[in-house]
Amino acid sequence: QVRLVESGGGLVQSGGSLRLSCRSSMGTAIFNGMGWYRQAPGKQRELVAMITSAGTTNYADAVKGRFTIEKDNTKDMWYLQMNNLNIEDTAVYYCNGRIGVIDRWGQGTQVTVSS
């Protein structure tokens, strides 16, 4: 079964940047979509950004212009570059890979933005 492993979370000041990485144990070709979700305390998990196998991207309104999702099929990875972070971006971030209608999830990585 495919495993997704995230890295790159941490503590950053407001206005700072972080880059999250997700590695798939079975490459990226098996996925029709790859993305990032986040879940803040007391809130539902929400889509942050998604990229299709063809490279089409989709972003949540709250992160447009600040976050960029990319994939590198040669390294079996996808990334979330997060710039101009603010306190509202604090959450556990999960990478997601979709195979048909089935979602696979990473274990999550904490992103904390301080003022």
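Thresholds applied
Residues numbered from 1 in each chain as written. Predicted model: local features only at pLDDT ≥ 70, side-chain atom pairs only at ≥ 80, totals over all residues. Heavy atoms only, no water. Phe/Tyr/Trp six-rings, centres within 6.5 Å; stacked < 30°, edge-to-face > 60°. Helix = DSSP H or I, 4+ residues; strand = E, 2+ residues; numbered from the N terminus. Buried < 20%, exposed > 50% of the residue type's maximum accessible area, 1.4 Å probe, protein only. Lys NZ or Arg CZ within 6 Å of the ring centre and 35° of its normal. Pairing = 2+ DSSP bridges. Axes fitted to C-alpha atoms, helices over the stretch in contact; angles between N-to-C directions. Contact = heavy atoms within 4.5 Å.

Student: Help me out: how do you make sense of the packing of aromatic side chains in this one?
Tutor: The way to describe two aromatic rings as a pair is by their centre distance and the angle between their planes. Evaluation of the coordinates by the stated rule reveals two aromatic pairs. Ring geometry for Phe31 and Trp78: centres 5.5 Å apart, planes at 80°, overall edge-to-face. On the criterion of sequence distance, the pair formed by Phe31 in the loop between strand 3 (18-24) and strand 4 (33-39) and Trp78 in strand 8 (residues 77-82) is long-range, its members being 47 residues apart. Classification of Phe31 as buried rests on a relative accessible area of 1%. For Trp78, a relative accessible area of 0% corresponds to the buried category. For the pair Tyr37 and Trp105, a centre-to-centre distance of 5.0 Å together with 70° between the ring planes defines the contact as edge-to-face. Placement of the pair is Tyr37 in strand 4 and Trp105 in strand 10 (residues 102-105), with a sequence separation of 68 residues. Overall, Tyr37 belongs to the buried group, its relative accessible area being 13%. If you follow Arg19 out to its NZ or CZ, it ends over the ring of Tyr79, 4.0 Å from the centre.

Student: What am I meant to see in the sheet that holds strand 7 (residues 67-72) here?
Tutor: For sheets, the rule is that strands pair by backbone hydrogen bonds, running either parallel or antiparallel. Strand order in the open sheet made by the four strands is 1-3-8-7, with antiparallel pairing throughout. Bordering the open sheet on either side are strand 1 (4-7) and strand 7, each of which pairs with just one other strand. Averaged over neighbouring strand pairs, the angle between their axes works out to 15° when direction is ignored. In the sheet, strand 1 pairs with strand 3 via four bridges, with the strands oriented antiparallel. Pairing of Glu6 across the sheet is with Cys22, part of strand 3.

Student: Can you walk me through the side chain of Thr109 in this structure?
Tutor: Tracing the sequence through the fold places Thr109 in strand 11 (residues 109-114). Once residues within four sequence positions are removed from consideration, Thr109 is found in contact with Glu6, Gly9, Leu20, Ala91, Val92 and Tyr93.

Student: How should the side chain of Arg66 be read in this particular structure?
Tutor: Tracing the sequence through the fold places Arg66 in the loop between strand 6 (57-59) and strand 7. Arg66 sits in the buried class, given a relative accessible area of 12%. Once residues lying within four places of it in the same chain are set aside, the contact partners of Arg66 are Gln81, Met82, Asn83, Asn84, Leu85, Asn86 and Asp89.

None of the figures reported here should be taken as evidence of function without further support.
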